[in-house]
Amino acid sequence: LEADGGIHVTGAGGGPSITGLDLVGRRGLPLSRGFQLSGAEMFDLSTLESRMGRAVSRHSRDALPQREFRAGIPYEAGLLKHFHALRPLKIRCVAPTRGVRQTLDRLFASLPCRMDVQPAPVRRRDLNDPADADVQRMGESAPATGADLGFVIDEDGQRCAVVDERGSIVAFPRLAGLLARHHLAEHPGSVIVIADRLAPALPETIERAGGRSILCGPTMQDLATAMREHRSAMGIGDQRVWFRELFPTSDAVLTLA
């Protein structure tokens, strides 16, 4: 919609009593604190925070014009194109966000796979920890229900943990490496951006697969900016594989695809 910004209301990363705002700028660029500013026009959460501390006058109490845009149909069509050449797998998934569950239900209604998506409690979770309650529960329920794959999607709809058919968690570096090799098989020689804390294991994997890796800073804004600067279609951050689409998407759903 060529908007100047957007707000996602979420509690991801906090407990049930926490409500946070994920802020994005033009073209869906996530805003982070500590972003490595490199230009006069760059804008991050620290910049916003300093401006919010200033006194401002309110010129009017009239509401600005508003309009509603139902994005669901084009959004889900953009996701569905990634689900192809599938055999009839059984997938079990838990997700605390109702919108993610509804999206998965609608996507899989037309696919040969069987999707069992269940709600999860709103709480702070650590998807890197096999002892996390949701990850542990998926590790038990996936093999018990005969699922080929288990998926835990965090409240932000971006980060995820994957469990195999035996109930073993797939370590994130291994999952990211598998997806990188799959991407490079289709796009040989392409660039993949990696958060610097994931070096050196992943860059070595990517270079062996015939790709080129670029390291960036630790924040989401660093990674998204680096992907744009290097025209990269894939990035790897904290428990999240990033995919550059024409519009912002749920990277967890694309990871599942």
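Residues numbered from 1 in each chain as written. Predicted model: local features only at pLDDT ≥ 70, side-chain atom pairs only at ≥ 80, totals over all residues. Heavy atoms only, no water.

Considerations on the pairing of strand β11 (residues 240–243)
What counts here: By this definition, two strands are paired if DSSP reports at least two bridges between them. Strands are runs of DSSP state E lasting at least 2 residues, helices are runs of H or I lasting at least 4, and numbering of each runs from the N terminus.
Where strand β10 (residues 234–237) lies against β11, 4 bridges are found, and the strand directions are antiparallel. Residue pairing across strands places Gly235 opposite Trp242, the latter belonging to β11. The hairpin turn running from β10 into β11, its antiparallel successor, is 2 residues long, and Gln239 in that turn takes a positive phi close to 55°.

A closer look at the packing of helix α2 (residues 72–80) against helix α3 (residues 98–108)
Threshold: Each axis is a line fitted through C-alpha atoms, and for a helix only the stretch in contact is used; angles between axes span 0 to 180 degrees, taken between their N-to-C directions. We call two directions roughly parallel when the angle between them is under 35 degrees, roughly antiparallel when it is over 145, roughly perpendicular when it lies between 65 and 115, and oblique otherwise. Rotating anticlockwise by less than a right angle from the far helix to the near helix defines a left-handed crossing, while the corresponding clockwise rotation defines a right-handed one. The contact criterion used is simple: two residues touch if any of their non-hydrogen atoms lie within 4.5 Å. Note that Gly is not counted as nonpolar here; it falls among the polar residues with everything else outside the nonpolar set of Ala, Val, Leu, Ile, Met, Phe, Trp, Tyr, Cys and Pro and the charged set of Asp, Glu, Lys and Arg.
Look at α2 against α3: their axes get within 11 Å of each other, and the N-to-C directions meet at 60°. By the angle between their axes, α2 is oblique relative to α3. Crossing hand, α2 versus α3: right-handed. Contacts between α2 and α3 involve Glu76, Leu79 and Leu80 on the former and, on the latter, Thr103, Arg106 and Leu107. Here the residues of the contact of α2 with α3 sort into 3 nonpolar, 1 polar and 2 charged.

Looking at the nonpolar core
We count it as follows: Residues enter a nonpolar core if they are buried and are Ala, Val, Leu, Ile, Met, Phe, Trp, Tyr or Cys, with the set joined through side-chain atoms within 4.5 Å. For every residue, the accessible area obtained with a 1.4 Å probe (protein chains only) is divided by the maximum for its type, and the residue is called buried under 20%, exposed over 50%, and partly exposed between those limits.
Leu104, Phe108, Met115, Ile153, Ile192 and Ile236 are the most contacted members of the largest nonpolar core, which has 36 residues in total. Residue contributions to this core peak at 6 residues, all from helix α5 (residues 172–186). In this view, Phe108 contacts Phe83, Ile91, Cys113, Met115 and Leu256; residues no more than four positions away in its chain are not counted. The next biggest cluster of nonpolar side chains, apart from the first, holds 11 residues, and it includes Val191, Ala195, Cys216 and Trp242.

Topic: the environment of Cys160
Structurally, the position occupied by Cys160 is in strand β6 (residues 160–163). Distance from Cys160 to Arg240, taken between C-alpha atoms, is 6.6 Å for residues 80 residues apart in sequence. Ignoring any residue separated from it by four or fewer positions in sequence, one finds Cys160 in contact with Leu127, Phe151, Val152, Ile153, Gln239, Ala252 and Thr255.

Topic: the side chain of Gln158
Quick reminder of the rule: Polar contacts, as used here, are pairs of N or O atoms within 3.5 Å; protein pairs need one atom able to donate a hydrogen and one able to accept it. Residues neighboring in sequence count only if both atoms are side-chain atoms.
Looking at where Gln158 falls in the secondary structure, it is placed in the loop between β5 (149–153) and β6. Taking relative accessible area as the criterion, Gln158 reaches 16% and is therefore assigned buried. One polar contact links the side chain of Gln158 to the main-chain carbonyl oxygen of Thr249, over a distance of 3.5 Å. Leave out the neighbours within four places in its chain, and Gln158 touches Gln239, Arg240, Thr249, Ser250, Asp251 and Ala252.

Points about the sheet that holds strand β8 (residues 191–195)
Within a beta sheet, neighbouring strands are joined by backbone hydrogen bonds and run either parallel or antiparallel to one another. Pairing within the open sheet is mixed, and its 4 strands lie in the order β9-β8-β10-β11. In this open sheet, the two edge strands, each paired with only one partner strand, are β9 (212–216) and β11. Across the sheet, the mean angle from the axis of one strand to that of its neighbour is 25°, orientation sign disregarded. As judged from the 5 bridges shared by β8 and β9, these two strands associate in the parallel manner. Across the sheet, the residue bridging to Val193 is Ile214, located in β9. α5 rests against β8, β10 and β11 of the sheet, and its axis sits at about 175° to β10. Helix-sheet contacts for helix α7 (residues 220–229) involve β8, β9, β10 and β11, and the interaxial angle to β11 is about 35°.

Digging into helix α6 (residues 201–208)
What counts, and what does not: When we speak of the arc, we mean the arc of directions from the helix axis to the C-beta atoms.
Restricting attention to buried positions, one finds in α6 the residues Leu202, Pro203, Thr205 and Ile206. All buried residues of α6 fall inside an arc of 160° around its axis, so they share one side. Where α6 is buried, its residues contact α5, β8, β9 and β10. In the stretch just after α6, Gly210 is the one whose phi turns positive, near 90°.

Quick word on a nonpolar patch on the surface
Keep this limit in mind: Nonpolar side chains (Val, Leu, Ile, Met, Phe, Trp, Tyr) are joined into patches within 5 Å and like charges within 9 Å, using only residues with over 30% relative accessible area and no salt bridge. The method behind every accessible area is Shrake-Rupley, applied with a 1.4 Å probe, and residues are considered shielded solely by the protein chains displayed. When a carboxyl oxygen of Asp or Glu is within 4 Å of a side-chain nitrogen of Lys or Arg, the pair counts as a salt bridge.
Together, Ile7, Val9 and Leu21 line one region of the surface with nonpolar side chains, adding up to about 320 Å² of accessible area. Structurally, Leu21 is set in strand β2 (residues 20–24). Since its relative accessible area comes to 54%, Leu21 is described here as exposed.

A word on the packing of aromatic side chains
Defined as follows: Pairing of aromatic rings covers Phe, Tyr and Trp, the last through its six-membered ring, and needs centres within 6.5 Å; plane angles under 30 degrees mean stacked, over 60 mean edge-to-face, and all others mean tilted.
Evaluation of the coordinates by the stated rule reveals 1 aromatic pair. Here the aromatic rings of Phe83 and Phe108 are separated by 5.5 Å at their centres, their planes lie at 75°, and the arrangement is edge-to-face. Here the residue Phe83 occupies a position in the loop between α2 and β3 (90–94), and Phe108 occupies one in helix α3, the gap between them amounting to 25 residues.

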